[in-house]
Structure formats: C-alpha cells, structure tokens
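An overview of the molecular structure
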Amino acid sequence: MSRSRFTRRGVLKSGAVAGAGVALPTIFTAGSASAFTNEPTGATVTFGFNVPQSGPYADEGMDELRAQQLAVEHINGEGDGGMLNTFKSALDGSGVLGKKVVYVTGDTQTKSDAARASAKSMIEKDGAIMINGGSSSGVAVAVQSLCQEAGIIFMAGLTHSNDTTGKDRKANGFRHFFNAYMSGAALAPVLAKAYGTDRRAYHLTADYNWGWTQEESIRAATEALGWETVETVRTPLSTTDFSSYIAPVLNSGADVLILNHYGGNMVNSINQAVQFGLRDKVVNGKNFEIVVPLYSELMAEGAGEAIKGVYGSMNWNWQLDNPGTKAFVKSFGEKYGRPPSNSAHTCYVQTLLYADAVARAGSFNPCAVVEALEDFEFDGMGNGPTLYRGADHQCFKDVLVMKGNENPTNQFDILEIVELTPRAQVEYAPDHPMFAGGDLGKCNSGA
Amino acid sequence: MDDIILQFINGLDKGSAYALIALGLTLIFGTLGVVNFAHGMLFMLGAFCAVVMQRILNISAVTIDETQKDFLGRPLEVKTPYAELWFGPEIGQVIVNWSVPLSLLLAVPFMALVGWVMERGIIKHFYKRPHADQILATFGLAIVIQEIMKEIFGANPIPVPAPQSFAGSLDFGVLLGFDPNVIVYPYWRLIYFLFSSVILLAVFAFLRYTTFGMVVRAGMADRETVGLLGINIDRRFTIMFAIAAIVAGVAGAMYAPINSPNYHMGMDFLVLSFVVVVVGGMGSLAGAVLAGYLLGVLESFASMNTVKDALPGIDQVIIYLTAIVVLLVRPRGLLGRRGVMED
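Here we look at the overall build of chain B
From N to C terminus, chain B includes 15 helices and 4 strands. Counting over 343 residues, chain B shows a buried share of 52%. Once local pairs closer than 6 in sequence are excluded, the contacts in chain B between residues at least 24 apart make up 72%. Taken as a whole, chain B presents about 15400 Å² of accessible surface, with 68% of it coming from carbon and sulfur.

Here's the deal with the pairing of strand β1 (residues 60–69) of chain B
Residues and elements named next belong to chain B. By the bridge criterion, 7 bridges tie β1 to strand β2 (residues 75–81) in an arrangement that is antiparallel. Bridging across to β2, T63 finds its partner in V78. In sequence, β1 turns back onto β2 through a hairpin of 5 residues, with G73 there showing a positive phi of about 85°.

So, the state of the cysteines
Residues and elements named next belong to chain A. Summed over the entire model, instances satisfying the criterion amount to 1 disulfide over all chains. Bridging C367 to C443, the disulfide has an S-S length of 1.8 Å. Handedness of the C367-C443 disulfide follows from its S-S torsion of about 120°: it is right-handed. Of this pair, C367 sits in helix α12 (residues 366–373) while C443 sits in the segment after α13 (423–426), and the two are 76 residues apart along the sequence. The class of C443 is partly exposed, set by a relative accessible area of 26%. Left without a disulfide partner, C147 is nearest to the cysteine sulfur of C443, which lies 13 Å away. Of the residues examined, C147 reaches a relative accessible area of 0% and is grouped as buried.

Observations concerning the packing of helix α8 (residues 187–209) of chain B against helix α9 (residues 211–221) of chain B
Residue and element names in this part refer to chain B. Direction vectors running N to C along α8 and α9 enclose 85°, while the axes themselves pass 5 Å from each other. The orientation of α8 with respect to α9, classified from their angle, is roughly perpendicular. Contacts from F206, L207, R208 and Y209 in α8 reach T211, F212, G213, M214, V216 and R217 in α9. The class makeup of the residues in the contact of α8 with α9 is 6 nonpolar, 2 polar and 2 charged.

Notes on the domain arrangement of chain A
Residue and element names in this part refer to chain A. For chain A, the domain assignment lists domain 1 (44–178 + 318–392) and domain 2 (181–314). Each of domain 1 and domain 2 has a C-alpha centre, and the two are 30 Å apart. Tallying the contact residues gives 16 residues for domain 1 and 20 residues for domain 2. Both faces combined, the contact of domain 1 with domain 2 buries some 1500 Å², and carbon together with sulfur accounts for 54% of it. A per-residue breakdown of the area domain 1 buries against domain 2 is headed by H160, N162 and F178, which together make up 37% of the total. If you look at where domain 1 meets domain 2, you find 1 salt bridge. As a salt-bridge pair, E301 and R338 come within 2.8 Å of each other at their nearest N and O atoms. Taken together, domain 1 and domain 2 are joined by 10 residue pairs in polar contact (both at pLDDT 80 or more). In terms of residue count, helix α2 (residues 58–75) provides more of the side of domain 1 that touches domain 2 than any other element does, 3 residues in total.

A few points about helix α11 (residues 342–361) of chain A
All names here are of chain A. The end-to-end C-alpha distance of α11 is 28 Å, a good match for the 28 Å that 20 residues give at a rise of 1.5 Å each. With 18 of 20 residues buried, α11 is to be regarded as a mostly interior element. Trailing α11 by a residue or two, G362 shows a phi angle of about 75°, which is positive.

Structural notes on the sheet that holds strand β2 (residues 100–107) of chain A
All names here are of chain A. In spatial order, the strands read β2-β1-β3-β4-β5; together these 5 strands make up an open sheet with parallel pairing. Both outer strands of the open sheet, β2 and β5 (173–174), are each paired with one neighbouring strand and no more. Here 8 bridges tie strand β1 (residues 44–51) to β2, and the two strands are oriented parallel to one another. Counted as the bridge partner of F49 is T105 from β2.

A word on the sheet that holds strand β12 (residues 311–314) of chain A
Residue and element names in this part refer to chain A. In spatial order, the strands read β7-β6-β8-β11-β12-β16-β17; together these 7 strands make up an open sheet with mixed pairing. Unpaired on one side and paired on the other, β7 (228–235) and β17 (415–421) mark the two borders of the sheet. For this sheet, the mean inter-axis angle between neighbouring strands, taken without regard to orientation, is 25°. Summarising the sheet, strand β8 (residues 256–260) and strand β11 (residues 289–294) pair through 3 bridges and their orientation is parallel. Within β11, the residue paired with L257 across the bridge is I290.

Topic: the confidence of the model for chain A
All names here are of chain A. When pLDDT is averaged along chain A, the result is 91; 93% of the residues meet or exceed 70. Confidence drops under a pLDDT of 50 for residues 1–6, and excluding neighbours within four residues, the segment shows 1 contact in the predicted structure. Across residues 20–32 the pLDDT falls below 50, and counting only partners more than four positions away or on other chains, this stretch makes 1 contact in the model.

Some words on the interface of chain B and chain A
Every contact between the two is made by 38 residues of chain B and, on the other side, 47 residues of chain A. Across the chain B to chain A interface the summed buried area is about 3300 Å²; carbon plus sulfur atoms make up 48%. On the chain B side of the interface with chain A, the three residues burying the most area are F71, N156 and N305 of chain B, jointly 20% of the side's total. The tally of links from chain B across to chain A stands at 1 salt bridge. A salt bridge links R189 of chain B to D241 of chain A; the shortest N-O distance between them is 2.9 Å. Linking chain B with chain A are 21 residue pairs in polar contact (both at pLDDT 80 or more). Residue assignment for the side of chain B that touches chain A shows that the elements contributing at least two residues are α1 (2–32), β4 (184–186), α14 (305–310) and α15 (314–329) of chain B. A total of 6 residues in the side of chain B that touches chain A trace back to one element, the largest contributor, which is α1 of chain B. When the residues that make up the side of chain B that touches chain A are grouped by side-chain class, the tally is 15 nonpolar, 15 polar and 8 charged.

Digging into the packing of α11 of chain A against α12 of chain A
Residue and element names in this part refer to chain A. At a minimum axis distance of 8 Å, the contact between α11 and α12 shows a crossing angle of 105°. One finds that α11 runs roughly perpendicular with respect to α12. Of α12, the residues touching α11 (which contributes L353, Y354, A357, V358, R360 and A361) are A368, V369, A372 and L373. By residue class, the composition of the contact of α11 with α12 is 9 nonpolar, no polar and 1 charged.

Thresholds, definitions, all that
- Residues numbered from 1 in each chain as written.
- Chains lettered and ligands numbered in written order.
- Predicted model: local features only at pLDDT ≥ 70, side-chain atom pairs only at ≥ 80, totals over all residues.
- Heavy atoms only, no water.
- Helix = DSSP H or I, 4+ residues; strand = E, 2+ residues; numbered from the N terminus.
- Buried < 20%, exposed > 50% of the residue type's maximum accessible area, 1.4 Å probe, protein only.
- Contact = heavy atoms within 4.5 Å.
- Areas by Shrake-Rupley, 256 points an atom, 1.4 Å probe, with all protein chains shown as cover.
- Pairing = 2+ DSSP bridges.
- Disulfide = S-S within 2.5 Å.
- Axes fitted to C-alpha atoms, helices over the stretch in contact; angles between N-to-C directions.
- Parallel < 35°, antiparallel > 145°, perpendicular 65-115°, else oblique.
- Nonpolar A, V, L, I, M, F, W, Y, C, P; charged D, E, K, R; others polar.
- Domains from an automatic or database assignment.
- Buried area = accessible area lost by both parts, 1.4 Å probe.
- Salt bridge = Lys/Arg side-chain N within 4 Å of Asp/Glu carboxyl O.
- Polar contact = N/O pair within 3.5 Å; in protein donor to acceptor, adjacent residues only side chain to side chain.
- Expected span 1.5 Å × (residues − 1).
- pLDDT = per-residue confidence, 0-100.

The structure is reproduced here in structure tokens:
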C-alpha cells in the first residue's frame, strides 16, 4: 500500500501559488494593454452618437445625427471639410491620431433610462470612446453620470437646464450649448427695450427639471428689470390642451405670458394662447405679449404663424454672418437640402471639438482630453470667440436673441436674429446660486 | 365668478372631444364586444386627414425668382398654389384657408375605408377571443400605424390653422352682462363644441330613429337572438365599426387647429378615453357622453390656480381620482348596464 504524496495542506498551498502565478501577469497585462476604457487598438476609433431616433423629438434627433455623420466625414478628410476650414484645428483630415473614425448610434427615446441603456450598450458592446448627442436635459444628466462612472467623455447635445453644468456637473462631461441663465441674461435687455420695464408677467412652466430652471432664470432676469411676476403655474409635461391653464391668464392682470415650454408643449401652448386672443388684448394700457425663452427651428416650424413677433433665444442660427456658420451651412445644406438646426450645430461642433482635443492631447485617454478641453479658447465654429470654462465645463460665447419673422420669404427663415448678445453679458461665476451644489470631481479614465 | 364661467365653458369644450372619442369606443365595445385600443389611432388618422387636405390644397407651381436667394445663395424657388392660379388669388386663398372644414370630405370616406379594412382584416378574428387578446392585437396595430405615420410625416407637430374667418375670440362676457374682454373664448373651440354636439345628436338619432339603428341596438342587447331572426347582424356591425371610425376621424380632423397633429396624439387620448368609458359605464353611449363632459369640466376646474394652490398636483390626477370615486360608489360606472363586462 503506497501513501499518497499529496496532502490537503499541500494542495491548498500549491493551488494558491499557482492561482497567484496565473493571475499576476493578467493584472499587469490588463494595466498595460488598456490604460483607459475602450482604448482603441486597431486602425479605427468608435464614436457613440446617442440621439432620439424615436419619440416626440425624433426629428430633432435625426438632425443631430445628420450633423454628427457630417462631422465624422470631415474628420476623416471626406467632403468639403466644413468648419475644419474655419476652425484652427490640430486635425489633419486623416481621422484622429491616425485612426479612421467610425460611429455607432443609439436611440435615447428622450427617456433617461433608455438613453442610459443605449449609451451603456455603445460603451460596453461597441467600444465607443466618446458619447455625444441628446435633446433633453434629463437625458444629458443621466448619460453624463453614466459616462463619468464608465470613464468615457460625454460631449452633450441639446441640454439647456442650468443643472447640467451646475449641480449635476461632472468632470467627464462638457456642454457647448447655452443654458437657461444665459437665455434670461440675453433676453432681458431686449425685452426691456421692446416692452419697457413696467410689465406684469405670467409664467406657464413645464413641470420638470428644465422648466424649473428656465422659470427661475427668466424670472430673476425680468424681475431685475422691474417686471412683476403675477403668477407662476406649473403644467404637467404630458399636457396637450393648455386651454384651462391659458384661460386664467385673461383676467390675471398680466400683460406678458412667458412660456417656459419646449417641444410639443411649446407648439401647443403658444398656438392655443394665440387662439385665445392674448396677442390681440390690451392690458394695463399695453399690448399683451408672449415670450418663449428657448427657441428651436424645428419647434418654430411646428408652431407656424403663432410665433410671429414672439421673442426667444438660441444657441446658434444658420443665418449668422460669419465664416464658420457659412462653411457649416454650405456643407449641411448641400448634403441634406435644408439648413441645420441649432441642435445639429452643437452636436457637429462637439464632435469636432472632441476630435481636436484628442489630437492636441496626443492621446484618447479621457483625462488627457479633459485637460485639453478645459479653458480651451477657440473661434471659427460659428459663435465667435468661445471659451470652454474649466471650472464647470460650460462653453461661454455670444447668445442669440430671436424673434418670429413677421414676413418669412421661405420655410426656413421663420425666425430672425434680433441681437447677438455679447459673451460678457451672459457670463456668471461658477458658484452662482443657480449653479451651486455641484462638484466636477476628478476625471475618470476607467483605468 | 368670471373665472368659474370661463373654466366651465372650457370644460364643456374639452369634454366634447373626450365625449366624441369615447362615443366611438363605446359603439365598438357595445356592438362588437371588442376593446379597441387602436381607437386613439383613428382619431390621429383623422387629424392627419386635415394635414393631407392642407397639402393637397397647397400643391403649387414652382417659379424661379432670380432676385431672391435661398439659404445657400441660389435663386429662390417661389411656390404658388394651383388653387390661386386657377381661381385667382382671393378665392384661391379662401380655398386653401378652409382646408380643415374641407378635410371632412376626405376624412369621411377615408375613415370608413379604414374602419372597414380594420374590422374585416383584424377585428373580426378576435370576436370570440378574450379581451386581453383584443387589447394586444389592437394596441399592436395602433403602434404600427403610429410608426408608419411618423415615417411619412415626421415626429414634429404640423401646424394646421383654422380658417381665418374663425380666428380670434367671442366676447361671451358682454353677452352675459360682464365687462368686455372678461370672458372671451376662441371661435374655433366654440365651433368644435357645436360640431361635436351635432355629431353626438346625429349618432343618437341614427341609432334611435332608423331601422338600422334599431337592429344594432337589438344586436347590442342580444346578438344571438337577432341572428336567429335571419338578420345579418355581422354586416351591420361592420358598418357600425366604420361609423365609429368616422366619428373618431372627423373629431380628429376638426381638432387639428386646436392641437397640431403629431403621430402620438392618438396615444395621448387613448388612456383618457378609456377612463371616460369606464366612468360612463361600459357599453353605455349616454354614459360615455356624460362622463366626457363631466371629466372635461372637472379637469378644467382642477387647473384653476386657487384649486391648485389648495391641492397641489390635483390637475394631474383629477381624472383618475374621479374614476376611482365613481367606481367605488357605482362599480358599473355612471350609466353602466348590468351584465356588461361582468361574468
């Protein structure tokens, strides 16, 4: 009878040593092969475009996607180059750091959970190195938070809530689009000039995050002018018939109705307000007026005749007279047969800015990209001299005050530019009360 | 007082849309026993009939104006509707301007066709299936049609203005002895209220005073017995489905200036109209109409600032709260019949 040379203790010891031996190289190789999330190793690098392809903002999402596709073409040296001809860039038309850009798309459905799921899928399954797009602040905040956790850069699309670069700001997230505070700061002087400083305003506000910050911002700006706020009424986001909210405006003593609505809400509320004859009314000896703080070309098309003469604000408009705008409108217009919207513009610019930051940093590492974008000053992107402020990752540039065109000559010039508000007028401190409570934290590379 | 009167008028106006949709839903449920989750889609298709008519009337001749430029700096394409070229600018503009009322000429035959195809193609296969199957099939159909409409017309709302003659508001206050401009209400909403009242009366008169209606009512009460009498009740029920589709369609077409048509407007109304039907009593036409107006008025009052201040958020839940209270007090709904949807 022979005795086995294996003892229980011996097997455990050997197993532990063997296990450590197998695991040790993996730990080191994992660190050296992938220094950050989705580090590109082949001849291509993947961008993730997360836009609403279904749901009520699908048209806006499609316009963003067109612009993103155009940006990829231009980065890869195809087409006429668009804004790369006017923006002093480190890109040379051969992709980014020698890698050709390819892209994947996700459908946000304008729902935070769906947007997070599609962004997660693009990051984990498709290896997207950067996520760009979106037409809602709720989506932007949710996806920005996901990207922060995943070690991915988030270049926000259309998001106008103060919170995106305020209390919900993140080190891996960057917003080129303007915000509600800027809308108020830009609109107020124009409203004072057009309607005077002795006005009584009635607010109808979409009852969600963006609506609240929009109301807070425009209310503060108009009250600083001397306007009195008569009433602020929150309307459910699902409302389609606003008549029961508009009827009380008639006898409220207000002479201005401010619609803190966007999208379908805005289209319906402004049309119904006009049907109630508000714009024909004379109250307190003044003509009754309507203001829509945030405009979009696509929504203005939906509102039709009702927006004639109504003031609002925008991040950018295709009618601006500068080389960057002309180059982009030409590229986009020739390819798609219509001028780009301001959400298309912001997505196009964000994609180019990301690619340029990578080229300047010489690395796709998110922390290097963050460093390259922070306090970056640039021009030639259609908004004049622009700063990506390092303290909160918010872009600062001129803001457009728009008015519904009284005599449009074609289907695209339904809005006219009233004033280009200088950047200095819409700037604020990073710890401004409307943006307080946020902390960028540290950049996360996912390593 | 003026606010209360204004909200009451507004409630009746809102309720008229609810009543029209719920009436069609009840007609289908009462006659065919089918829970039609695609009914909101019929309302949406009707609204798009107004869009299509607007586009038909705006079909234009294109001329190039060298003096004006488009957004790319090319000579501008100027479009002039054929209606203006053929009938002169004044009459042509009136025709184009009246696209919504004229769209009823399109909506009636189109919706009848849609109703007939829907009933013969899908619904009839589900008569003897459980309600859950009917809901799945019709809801699926609604989603398919909705997505098709989005592909064709896009996701953005499409503005369809009311005729210029009905722009502006009627000063009700003066008629009631109030000061001018205190109680005013848009003309087109009043037109919609009157229109829906006429449709509701016409449907009731049709069912009450025609032989066809009598047979349908008999079929609603006892389908088997009517069949045993040698009457082809199925054919009549197909016609009733088409009539319900027409009612929903014309309601949608005339609603287009109030709520710019968009592909999901049917879904917006669907849940609401089912609540109206349940509150009114399943299978009761009069109940559907009564509940439509009642919920419209309650919703309007709940939106008043004084009410919202006292009960924050009440405007968002009033309809469902009312449904709960009604079902607790009268489980069959306001005018529900015994035996309907009961085992």
